[in-house]
Structures are given as structure tokens and as C-alpha cells.
Amino acid sequence: MALSLTVEKLNKSFGVRKVIRELSFTISAPGSLGITGRNGSGKTTLMKMLSQLIPPTGGRVAIRDGDTEIASADCFNYLKMISPEMALYEMLTGYENLKFFSTLAGVRLNQIEQDSLLERVGLSTRGDDLVAAYSSGMKQRLKYAVALLAKPAILLLDEPTSNLDDAGKAIVREIISKQKSEGMLIIATNEAEDLKQVEHVIRLDN
Amino acid sequence: MSSGWTTKALAVLAKDIRTELRTRYSLNALFMFAFTTLVVVSFSLGQLSLGVQVLSALYWIIIFFASMSALSGVFVKEEDAKTAQTLRLFARPSVIYAGKLIYNILLLTILCALLTPLYVAFMNVTVPDWPLFLVVILLGIIGLSGATTIIGAIVAKANVRGALFAVLSFPVLLPLLVAAIGGTDAALVGTGWAGAENHIKLLVAYAVIMITASAVLFDFVWNG
Amino acid sequence: MVRKYLQIGLFVLIAGVIYFSFTTPAPQQIIGEASRIFYYHIPMAWLTVVAYAINLIYAIRFLKTRSELDDFRSHWSAELGTMFCVLATISGSLFAKVTWGVYWTWSEPRMLSIFILLLIYGAYLSLRAAIPTPERKGIISATYSIFAFPTVPFFIFIMPRMMQSLHPADSVVDKNLHFTMGGTVLPIFLVSLFSFTVLYFWLLGLGIRLHKVQLARFEEA
């Protein structure tokens, strides 16, 4: 799978306010990209456009497998995103969230695979607890488990280490290094530590 | 592809049922609203009995207002909990619509199952034609859900929610109310299936049209 | 320049309609003077429906093109339609009071259909007001316009068959599709219908041109 993500002359305005101006770049798998800029510079907006959640005002975002462009409505099969604006179901347990999202993603997860996912994000003993009872750091980790169960070709991380302690950050680092060597990774953050792990960095401040 | 689709839609349904059983978010609101209205009417009337046509209208007024108080929840709670965005990256809109539609139908069916015996008891209703009575209720529920599920999704994206849901739903629901009240009337008066024929045709046509239109338009609302 | 002459022409036409509607014999002898309201009420009801049709057409177009102009056209037509709908409802209600003694009745299907349109317009405008983001506003309200549409033919075509009508039947066109208005009535009515329709389209165009100017000014800034 020769996956590539191309951004051509991307523009985004909210009414009068122009947030993204004439942005263009390409990234191919395997590869990684960092997006940075001060608060309000449009990082999250850009991430949403890359994941096809919101449409651009001008220009386009194209995800291609080789030469074929993937239709916008099908893109969700190729990418997963973690963002402070995307939550999991608080009235379901960790296991139930995994089961639900894996069914939606068309992925079979037996008990062993679920346990190993939870272990990878450091939540091995908490699978039976309601997410409402999780701390914010644990919720963030579960988001990773859910994002990864579909083995996404493209992984987008908006503020990857928010709410995480050192152990959590170490887990994320492991996930990042695996993803950028096997697929595509895009991170939006201001944390210098996180940006060190990507090949290229785009600043959104100009 | 199609068996995968059904499994996914059922998964959405199961998730909503499971969450509902744990929180009783919608079912409580629905039932308490309907029951309170019924009791208020019954109590206020005292010894007075209502004519058949008023009785059929009353039943659907209660169901309508109860629905207005709770049926938008199925989408509003996803937007408020920020799980809507997560869902958008995991499933096609059609899967989500189907799951939520069936959930609303189920919710209303449970409501009516609980409400109808109470209604018959409190309002002293004699039902000469139970099969017709129940069929009309069921068709009415399907039509009601078919029309309001997508409106719930619309309202979840706006900010006045409660009042807006009723304002948007009412014009769309009027044909359903006309047909459902007419059909219930026929069941209570005893004119039978012949008397209710036009109303039943209307109920079926309405459900088909509304669900089809919703299925086509839902993508725009969900991704808009 | 041509535009100026057309506007003057429209003014003359409508002035003529107003003058002649009061000085010629009343359209319907049975109802009497109150029937003069035909000249106004029917065009307004007609335009309510036309405005909704335009709103619907541009709503569908907007969903395809996502052009802000299409959304504006749709919205503006709804605003005009609401105005005509309110006027039609009021004029109809006044007529009802004079001829049947009641301001309102639910058993009159045409009254019901104009009421439904009023509800739909009201709902559409409330919805637009309740959505803050401009692009979402357009998409969501366009969807509602389209979704609410099936209700309209139901009330205009199916309900009347299900009910007895108080409305003066055959007031315009009878079963054989011959115009039932005789004498001076028909010309005045047709001119009224025509000139109010032109008025609607003129107002529609005006609003759109104004909007384009505002957009252009905004682009420059």
C-alpha cells in the first residue's frame, strides 16, 4: 500500500477569520509530520481537515493509495485520530468500548487481543471499569487503545501527551515510533519532546 | 458488505440500549412525562367522560409531547459527550442512522406498552377492536420515529435544542397525527379495518416516505 | 436604464390593479364586496408556494455546490415567502370572518395548508437562527427544507379530498378547466397575479444583488 496524503493550496476561514492560508505539502507512508504553532493558530482545524471531518474553504486534501484517490466518505477506513475533542463512551466499560469500536471497524477482537491492547496502553486491570471512573490520563490511554485496534494506516494525534504522566508518555513514544515506521503519523502539538520524534515540522504561525 | 452493515447497525443499537439501561436517561423522561400528562387529564376530568374522538386525539397528544421531550436525546447526547466525532471516524452515516432509528422505535414501543393499559384504565376506554388499535399504534410509532430521528440529529447541531425540536417536528408530523388519530378513532368506534383503511394506507406511506427521505438526507446532517 | 422603465411599469400595473379592484363590480355576487380580496389573497398564497419552491430548489443546489450564494438565495426566498405567507394568512382570516363568521377553522383544508407553510417557514428561520457556524447553518437548514417538503403536497392535495371544504370552490378554474371568472374580473385577477409574481422575483433579485455587493466589498477588505 503506497499511501500518500497531499494538501493542495488549503484554505480555511471561519467567516471573516482566515485560519489556514494556502497550505501545501505531501507526506507518504512510511513517514511522519509534526504541526505546531501557538494556541489558536489552527492546528486542530488542520487536523480535522486532514481527517476529512470538516471541509476546507479552498484547496483540497487528497489521500491516495498509489495513484487512486480515496473518496472522502471512505477515508475513515484508512485513518484514526486522537483529539481532546473526541471522547469515548463513559457509560461503557473499557472492554465494551473496545468491542463496540472494533465491531464498527469490522475488526474481530478476541479476549486475548483486547487484553493485549489494554496492556500496551497500561490499562490491563481496568478493562471492566466504566470509563466514567477513569482518570483523564487513563481516558487518554484508552483512546489510544481504541484508535489502534483498527491498525490504521494513518494515525493523527492532536496533543498526543496531554493528561499523561511519564509512564503514559513513554507508552505514546513507543506507539509513535511503531506507527511512523509502519504507516503515516501526523502530530499536532507544542511539546518540543513530541516534535523531536517526527521527520518534518510545519509551523502554522505565519 | 451487507451482513457487515447489519452487524454494525445492531452494534450501535446495542450500545445505545446498554447505555440507556445504565442511565435511564430517556426512558424515565418519556414515561414520566406521558404518565403525568395522563394523570393530570384524568384527574381534571373527574367524573366527566370523554367522547371517542377526543380520546383518540388525547392518546396521540400524550405520545407527541412525550416524544418531544425525549426523542432528540439519541443524537444530542452524542454531540454533548463529544462521542459523535469519534463515531464519524469509525462508521458510515447509514449505519448510525439505522441503529438510532430502531432505538427510537424501541423506546416508543416500550413507552406505549406501558402507557396503553394505564390509558385504558384511567380514561375508561373500551376498545372493540384491539388488533386494529395496536396496529395503528405500531404504525404510528414507526412513522413518528422515522420523521423525528433525523430532526433529532439536526437539533443536536443547533443550540436551542428542546423548543427547536418541537418547532421543527410539528409541521412534519402533522400528516402522521391526522392519520394516527383517525385510525385510532376507527378502532375505538368500532368501524373496523374498513373504516381505518385510508388512515392505515396513509400511515404506511408516511413511514416509507419519511424513512427514505431521512436515509438520503442523513449524510448531510451528520457530516455537515 | 431598461430596469428603471420596468420598475415604473410594475408600479403602474400594481397601481392599476389596486384601483380597478375597487372600482369594478365585485368578483363574486354571492359573497359580495368581500370577494375583492381574491385579487390579493390568491396571488399571495400562490407566491408563498412559489417562494418555497425556489427555497427548495436552491437548497438542493446548495447541497451540491456548497456555494454561499446558493444558500443566500434559498434563505432570502424563505424570508420573502414568510412575508407573503403571513399576508395570505391574515387576508384569508379576514375573509373568513366576513363570510363565515369565524377568524379561523381547522376544517378548512386550504387554511390548514397555508398554516403548514407558515409553520415550515417559521421552523426553517428558527433553525437558521439557532446554528452559529455559517457553513453548517446552510447545510442543516437546506436539509430541513427538503425534508419538510413531502408534508406540503399532502396538505394541498390529499387533505382536501379527505375533508369538506368551506373554501369557495371553482372560484378560479372549474372542473372543466374553463376560467369561471367573467367580465372584468379575469383580466384584473390575471394582471394582479402577474404583477405580484414579478414583484416577488424583483425583490428576490434585489436581495441577491445587494448580497453580491456586500460579498465583493468584503473580499476587498
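Residues numbered from 1 in each chain as written. Chains lettered and ligands numbered in written order. Predicted model: local features only at pLDDT ≥ 70, side-chain atom pairs only at ≥ 80, totals over all residues. Heavy atoms only, no water.

### Here we look at the sheet that holds strand β5 (residues 68-69) of chain A
Residues and elements named next belong to chain A.
Phase 1: Strands sit in the order β2-β1-β4-β5 across an open sheet of four strands; the sheet is antiparallel. This sheet does not close on itself; its edge strands, each paired only once, are β2 (17-28) and β5.
Phase 2: With eight bridges joining them, strand β1 (residues 3-14) and β2 adopt antiparallel strand pairing. Of the residues in β2, the one forming a bridge with V7 is F25. (Pairing = 2+ DSSP bridges. Helix = DSSP H or I, 4+ residues; strand = E, 2+ residues; numbered from the N terminus.)

### Regarding the interface of chain B and chain A
A common way to state how big an interface is: give the accessible area lost once the parts meet.
Phase 1: Between chain B and chain A, the contact holds 23 residues from the first and 29 residues from the second.
Phase 2: Summing the contributions of chain B and of chain A, the shared interface buries around 2300 Å²; its carbon and sulfur component is 68%.
Phase 3: Connecting chain B to chain A are three salt bridges.
Phase 4: The partner of R92(B) in a salt bridge is D74(A), and the shortest N-O contact between them spans 3.0 Å.
Phase 5: For the pair chain B and chain A, the interface holds nine residue pairs in polar contact (both at pLDDT 80 or more).
Phase 6: When contributions to the side of chain B that touches chain A are tallied by element, the ones reaching two or more residues are α1 (2-23) and α5 (83-88) of chain B. (Contact = heavy atoms within 4.5 Å. Buried area = accessible area lost by both parts, 1.4 Å probe. Salt bridge = Lys/Arg side-chain N within 4 Å of Asp/Glu carboxyl O. Polar contact = N/O pair within 3.5 Å; in protein donor to acceptor, adjacent residues only side chain to side chain.)

### Overview of the layout of surface pockets
Phase 1: If you add up the space inside the second largest pocket, you get close to 1100 Å³.
Phase 2: Lining the second largest pocket are 26 residues, and of these S13(A), G15(A), T57(A), E68(C) and P134(C) lie nearest its centre.
Phase 3: For the lining of the second largest pocket, the elements supplying multiple residues, two or more each, are β1 of chain A together with α3 (68-100), α5 (134-148) and α7 (185-220) of chain C.
Phase 4: Across the lining of the second largest pocket, the residue classes tally to 11 nonpolar, seven polar and eight charged. (1 Å grid on protein atoms, 1.4 Å probe; cavity = no way out; pocket = protein on both sides within 12 Å on 5 of 7 lines; lining within 4 Å. Points joined across faces, edges and corners; volume = space filled by probe spheres on them. Nonpolar A, V, L, I, M, F, W, Y, C, P; charged D, E, K, R; others polar.)

### Focus: the packing of helix α4 (residues 73-80) of chain B against helix α6 (residues 93-122) of chain B
When two helices pack together, their arrangement is given by the angle between the helix axes and the distance between those axes.
Residue and element names in this part refer to chain B.
Phase 1: Packing of α4 against α6 brings their axes to within 10 Å, and their N-to-C directions diverge by 130 degrees. As judged from the angle between their axes, α4 and α6 are oblique. In this structure, α4 uses V74, F75, K77 and E78 to contact α6, whose residues at the interface are I96, K100, Y103 and N104. (Axes fitted to C-alpha atoms, helices over the stretch in contact; angles between N-to-C directions. Parallel < 35°, antiparallel > 145°, perpendicular 65-115°, else oblique.)

### Side note on the interface of chain B and chain C
Phase 1: In this complex, chain B contributes 28 residues to the contact, which on the side of chain C involves 25 residues.
Phase 2: Summed over both partners, the interface of chain B with chain C comes to about 2300 Å²; 84% of that surface belongs to carbon and sulfur atoms.
Phase 3: By the criterion of area lost to chain C, the three top residues of chain B are P171(B), L217(B) and F220(B), representing 22% of everything that side buries.
Phase 4: Linking chain B with chain C are zero salt bridges.
Phase 5: Here chain B is connected to chain C by two residue pairs in polar contact (both at pLDDT 80 or more).
Phase 6: Those elements giving two or more residues to the side of chain B that touches chain C turn out to be α7 (130-156), α8 (162-189) and α9 (192-223) of chain B.
Phase 7: Split into classes, the residues belonging to the side of chain B that touches chain C amount to 22 nonpolar, five polar and one charged.

### Quick notes on empty space enclosed by the protein
Phase 1: Counted according to the given criterion, the structure contains one cavity of 30 Å³ or more.
Phase 2: Forming the boundary of the largest cavity are 13 residues, of which M81(A), M86(A), K143(A), T86(B) and F90(B) lie nearest the centre.
Phase 3: At the level of secondary structure, the elements contributing two or more residues to the lining of the largest cavity comprise β6 (79-82) and α4 (136-149) of chain A.

### What to know about the confidence of the model for chain C
Residue and element names in this part refer to chain C.
Phase 1: Model confidence for chain C is summarised by a mean pLDDT of 84, while 89% of its residues fall at 70 or above.
Phase 2: Predicted confidence for residues 170-178 stays below pLDDT 50, and this span has 15 contacts to residues more than four positions away or in other chains.
Phase 3: As a predicted assembly, this complex carries a pTM of 0.90 together with an ipTM value of 0.90. (pLDDT = per-residue confidence, 0-100.)

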